[in-house]
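Topology and contacts: notes
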Amino acid sequence: MLNIKICYGKSADELVKYIDEHGFKRLFIIASLRAWENSEISEILAKNTRSIQIEIFTDFSSNPKFEHIKLACAAAQKFSADLVIGLGGGTPLDIAKAVRIFTGLSEDEAKASILSSSSLPAVKFPLVAIPTTAGSGSEATHFAVIYLEGKKYSLAGPELIPDLSLVDGAYLYDMPASIAASCAMDALCQAMESYWAVGATDESQEYALSAIKILVPNIKPAILESSKAAYRQLALASNLAGQAINISKTTAPHAFSYYLTSHHNVPHGHAVSLCFPAVALCNENAEKTYIESHQLKTRFDVLFQMVGVININEFIAWFEDLVLCIGLETDLKKLGFDPDLEMDDFINSVNLERLK
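Residues numbered from 1 in each chain as written. Predicted model: local features only at pLDDT ≥ 70, side-chain atom pairs only at ≥ 80, totals over all residues. Heavy atoms only, no water.

1. Concerning the overall build of the protein chain
For the protein chain, the helix and strand inventory stands at 15 helices and eight strands. A globule of 356 residues ought to have a C-alpha radius of gyration of about 21 Å, and the protein chain, at 20 Å, matches this closely. Dimensions of the protein chain along its principal axes, counting C-alpha atoms only, are 60 × 45 × 40 Å. Taking all 356 residues of the protein chain together, 54% fall into the buried category. Contacts spanning at least 24 positions in sequence make up 78% of the contacts within the protein chain whose residues lie at least 6 apart. For the protein chain, the accessible surface area stands at approximately 15700 Å², while carbon and sulfur atoms represent 50% of it. When the 29 basic and 42 acidic side-chain charges of the protein chain are each reduced to a single mean position, those positions are 5 Å apart. (Helix = DSSP H or I, 4+ residues; strand = E, 2+ residues; numbered from the N terminus. Rg over C-alpha atoms; globule rule 2.2 N^0.38 Å. Buried < 20%, exposed > 50% of the residue type's maximum accessible area, 1.4 Å probe, protein only. Contact = heavy atoms within 4.5 Å. Areas by Shrake-Rupley, 256 points an atom, 1.4 Å probe, with all protein chains shown as cover. Lys, Arg positive; Asp, Glu negative; His and termini not counted. Charge placed at Lys NZ, Arg CZ, Asp CG, Glu CD.)

The structure is reproduced here in structure tokens:
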């Protein structure tokens, strides 16, 4: 596990403490408007810290696009930031990760680094990650997603791991149900993918199973009943799932999902959930695998037991029922995807690094 400090609950108080301890004066905050307006951070910073200046960057849309990262880097440099804070869902957190390494680079240098996906530029700022959704787990990983010219790229390296992650379930309470549902499925898929991944370790499997154990009984109460207790549990589970994939990486459902997001604006977790059942069936039936067949069977048996089913068909039915129950569309054509016309593009779009 990479070096990262994770604090649960009372995130604003922990942020003030961190700022005071390190003497930061110029805070560059990358935040979704909803997250910034609904958080107590601005009020608490104003009351408890002195002689600090804050610049808020909200000029981005869903999914971390290079053009938005370029604007954020320019703004951070002009502001002379000494601390970067990502506040919101996976998009502002990933943009914040990109800002800490690409600020000060030319556009060509930044693009070359993204395209090479080898060593990353040096860290320019300390980074605090404060998630206000429960899905990506980005606050606990050394990964970042960037969309460049319509294509999705995955960056990975210790430079991207936040110095401090503040996980506070209170920020989830006002999430729209559709966003909450997509995020919850992202966390669940990440945890289950991590558990069956070829890169899984004993440590990552422990994180993954802990996340699944929390997610299974809490997704419906959170989404359908707006249960605050359930939302707090989802925040914890999402972070655990992030710690799991930080070790194992995700697998084929994630690799295939990005086409649906980039071409049809299907939210990320929703898109992953559409790809998950077919991959689960393929993996469970695999005859040749990088995982010993008995070990793979054991992993699926554990997953079956955790959701209360006895075979792969019941598992897929359980999963698809959950997706429908929390209000996510499962008809691809209603989402704008035509398999007869787009299947070749869909397959060719896959990220082979993540797929393997």
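2. Let's talk about the packing of aromatic side chains
On inspection of all chains with the given rule, the structure shows 14 aromatic pairs. Aromatic pair Tyr18 and Phe24: ring centres 5.6 Å apart, planes at 40°, arrangement tilted. Each member of the pair Tyr18 and Phe24 is classed as buried. Consider the rings of Phe276 and Phe319, whose centres lie 4.4 Å apart with planes at 20°: the pair is stacked. Here Phe276 is found in helix H11 (residues 268–284), whereas its partner Phe319 is found in helix H13 (residues 312–325), with 43 residues between them in sequence. The exposure class assigned to Phe319 is buried, which follows from its relative accessible area of 1%. Counting every residue linked through ring pairs, the aromatic cluster contains Trp196, Phe276, Phe300, Phe304, Phe315, Trp318 and Phe319. Lying across the ring of Phe79, Arg26 places its NZ or CZ 4.4 Å from the centre. (Phe/Tyr/Trp six-rings, centres within 6.5 Å; stacked < 30°, edge-to-face > 60°. Lys NZ or Arg CZ within 6 Å of the ring centre and 35° of its normal.)

3. Description of the environment of Thr132
Here Thr132 shows up in the loop between strand E5 (127–131) and strand E6 (143–148). Of the residues examined, Thr132 reaches a relative accessible area of 1% and is grouped as buried. Taking the C-alpha atoms as reference points, Thr132 and Trp36, 96 residues apart in sequence, are found 9.6 Å from one another. The contacts of Thr132, once residues within four sequence positions are left out, are Arg34, Ala35, Leu87, Gly88, Gly89, Tyr171, Leu172 and Met175.

4. So, the pairing of strand E2 (residues 26–31)
With five of six residues buried, E2 lies mostly within the body of the structure. Pairing between E2 and strand E3 (residues 53–57): five bridges, direction parallel. From the neighbouring strand, Ile29 faces E3, where its bridge partner is Ile56. (Pairing = 2+ DSSP bridges.)

5. Description of helix H6 (residues 107–116)
Those residues of H6 that sit buried are Ala110, Ser113 and Ile114. For H6, the arc enclosing every buried residue in end-on projection is 100°, short of the 170-degree limit, so these residues lie on one face. Of the exposed residues in H6, those oriented more than 90 degrees away from the buried face are Asp108 and Leu115. Residues of H6 that are buried sit in contact with helix H4 (66–79), helix H5 (90–102), E6 and strand E7 (151–156). (Arc of directions from axis to C-beta.)

6. Digging into the pattern of salt bridges
By the definition in use, this model includes four salt bridges. Between Glu107 and Lys111 there is a salt bridge; the shortest N-O distance is 3.0 Å. Of this pair, Glu107 and Lys111 both sit in helix H6, four residues apart, which is roughly one turn of that helix. Of the residues examined, Glu107 reaches a relative accessible area of 34% and is grouped as partly exposed. Across the salt bridge formed by Asp301 and Lys297, the nearest N and O atoms sit 2.9 Å from each other. Taken together, the residues span about one helical turn, with Asp301 and Lys297 both in helix H12 (residues 293–307) at a distance of four residues. Taking relative accessible area as the criterion, Asp301 reaches 35% and is therefore assigned partly exposed. (Salt bridge = Lys/Arg side-chain N within 4 Å of Asp/Glu carboxyl O.)

7. Remarks on the pairing of E5
The buried count for E5 comes to five of five residues, which makes it a mostly enclosed element. Here E5 shows two buried faces, one formed by Leu127, Ala129 and Pro131 and the other by Val128 and Ile130. The pairing of strand E4 (residues 83–88) with E5 spans five bridges and is classified as parallel. Pairing of Leu87 across the sheet is with Ile130, part of E5. One ladder, built from two bridges, connects E5 with strand E8 (residues 164–167); its direction is parallel. Residue Ala129 lies in a different strand from E8, and its bridge partner there is Ser165.

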